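So you can see what is in the structure, the chains are spelled out below.
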Amino acid sequence: MLASRTKRFVNNLIDLTPFYIISYGLIYSLFYLGEYLDNYELSQLLMNLSYLEELIIDSIIIVFYYFIFESLSFRSLGKHATNTIVIMNNGQAPTPNDILNGGLCRTNPFDALSFLGTNGKGWHDVLSKTYVVDIEKFKTGQILANELDQIGQSTD
C-alpha cells in the first residue's frame, strides 16, 4: 500500500512549487512594502538575512504549508496529484499534532536523503509514525480486512 518512491518524489517536486511561491512571495512582498513605506531598514534587513535566518524562515513555511494542507485533507497538493494520503501506522487518520510533528521532522536538512532506502519511507514518516499510501490500494486493503473480520459472524 505504500506510495512508491516515484510518487513520493513527484509529491516533493509538486510541493516545492507552492513552497517557493510562498517563500519568495513573502520576502518580495515585505521588501517592496518596506520600499513603498520608505522603510529602508526593513528592506536592508531582508537583504542581509544570514543563511541560518533564511533556513529558519523556510522551515516555518514548510511546517505551515504541510500543517494547513494535511490537517484539512491529510493530503498536500503533491499528494492530491498522485492520489496518495497520509495515515498513521495503525491505519487511522493522523491528528493535527501528528501532522505538526511530521512537518517539524521535515525541517531536518537530510530528510530528503532518507528516501534513498528501499522502503520509500522518509525519516519524517518514521519519526511521526505515519505512512504515505496509495489511496486505491489502501481502500482495497480496508475492504478486505473488513470482509475478513466478518467471516464467521452471525447475520442475525
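Higher on the page you've got the structure.
Calculation notes
- Residues numbered from 1 in each chain as written.
- Predicted model: local features only at pLDDT ≥ 70, side-chain atom pairs only at ≥ 80, totals over all residues.
- Heavy atoms only, no water.
- Helix = DSSP H or I, 4+ residues; strand = E, 2+ residues; numbered from the N terminus.
- Rg over C-alpha atoms; globule rule 2.2 N^0.38 Å.
- Buried < 20%, exposed > 50% of the residue type's maximum accessible area, 1.4 Å probe, protein only.
- Contact = heavy atoms within 4.5 Å.
- Areas by Shrake-Rupley, 256 points an atom, 1.4 Å probe, with all protein chains shown as cover.
- Lys, Arg positive; Asp, Glu negative; His and termini not counted.
- Charge placed at Lys NZ, Arg CZ, Asp CG, Glu CD.
- Phe/Tyr/Trp six-rings, centres within 6.5 Å; stacked < 30°, edge-to-face > 60°.
- Lys NZ or Arg CZ within 6 Å of the ring centre and 35° of its normal.
- Patch = residues over 30% accessible without salt bridge, like charges linked within 9 Å, V, L, I, M, F, W, Y side chains within 5 Å.
- Salt bridge = Lys/Arg side-chain N within 4 Å of Asp/Glu carboxyl O.

Student: Quick question: what am I supposed to make of the overall build of the chain here?
Tutor: Regarding its fold elements, the chain presents seven helices and two strands. For the chain, the N- to C-terminal ordering of α and β elements is α-α-α-α-β-α-α-β-α. A compact globule built from 156 residues would reach a C-alpha radius of gyration of about 15 Å, whereas the chain, at 20 Å, exceeds it by more than 25%. Principal-axis analysis of the C-alpha atoms places the extent of the chain at approximately 80 × 35 × 25 Å. Residue burial in the chain is summarised as follows: out of 156 residues, 31% are buried. Counted over contacts in the chain with a minimum sequence separation of 6, partners at least 24 positions apart contribute 64%. As displayed, the chain has an accessible area near 10,200 Å², and 63% of this comes from carbon and sulfur atoms. On the chain, the mean spot of the 10 positive side-chain charges and the mean spot of the 16 negative ones are 11 Å from each other.

Student: Even after reading the chapter, I still don't get the packing of aromatic side chains, so can you show me in this structure?
Tutor: Aromatic rings in a pair are described by how distant their centres are and how their planes are angled relative to each other. If you walk through the whole model with that rule in mind, you get seven aromatic pairs. Relative to phenylalanine 69, the ring of tyrosine 65 lies with its centre 5.0 Å away and its plane at 50°, an arrangement referred to as tilted. Pair noted here: tyrosine 65 and phenylalanine 69 are both in helix H3 (residues 51-73), with a separation of four residues, about one helical turn. The partly exposed category is assigned to phenylalanine 69, whose relative accessible area is 26%. Taken together, the ring pairs connect Phe19, Tyr20, Tyr24, Tyr28, Phe31 and Tyr32 into an aromatic cluster. Of note, arginine 106 hangs over the ring of tyrosine 66, and the distance from its end group to the ring centre comes to 3.6 Å.

Student: Any chance you could explain a nonpolar patch on the surface here in plain terms?
Tutor: On the surface, Phe9, Val10, Leu13, Leu16, Tyr20, Tyr24, Tyr28 and Tyr32 cluster together to form a nonpolar patch covering roughly 810 Å² of accessible area. Residue position: tyrosine 24 is located in helix H1 (residues 5-36). Residue class for tyrosine 24 comes out partly exposed when judged on its relative accessible area of 47%.

Student: Can you walk me through the pattern of salt bridges in this structure?
Tutor: Side chains that differ in charge, positive against negative, can pair when their charged atoms come close. Enumeration over the complete set of coordinates arrives at four salt bridges. With a closest N to O distance of 2.5 Å, lysine 7 and aspartate 134 form a salt bridge. Residue lysine 7 is found in helix H1, and its partner aspartate 134 is found in strand S2 (residues 130-134); the two are separated by 127 residues along the sequence. Among the ionic pairs, arginine 106 bridges to glutamate 70, the shortest N-O distance being 3.7 Å. Highlighted residues: arginine 106 in the loop between helix H5 (96-105) and helix H6 (123-128) and glutamate 70 in helix H3, separated in sequence by 36 residues. Like glutamate 70, arginine 106 is buried. When salt bridges that share partners are traced, they join Glu70, Lys79 and Arg106 into one network.

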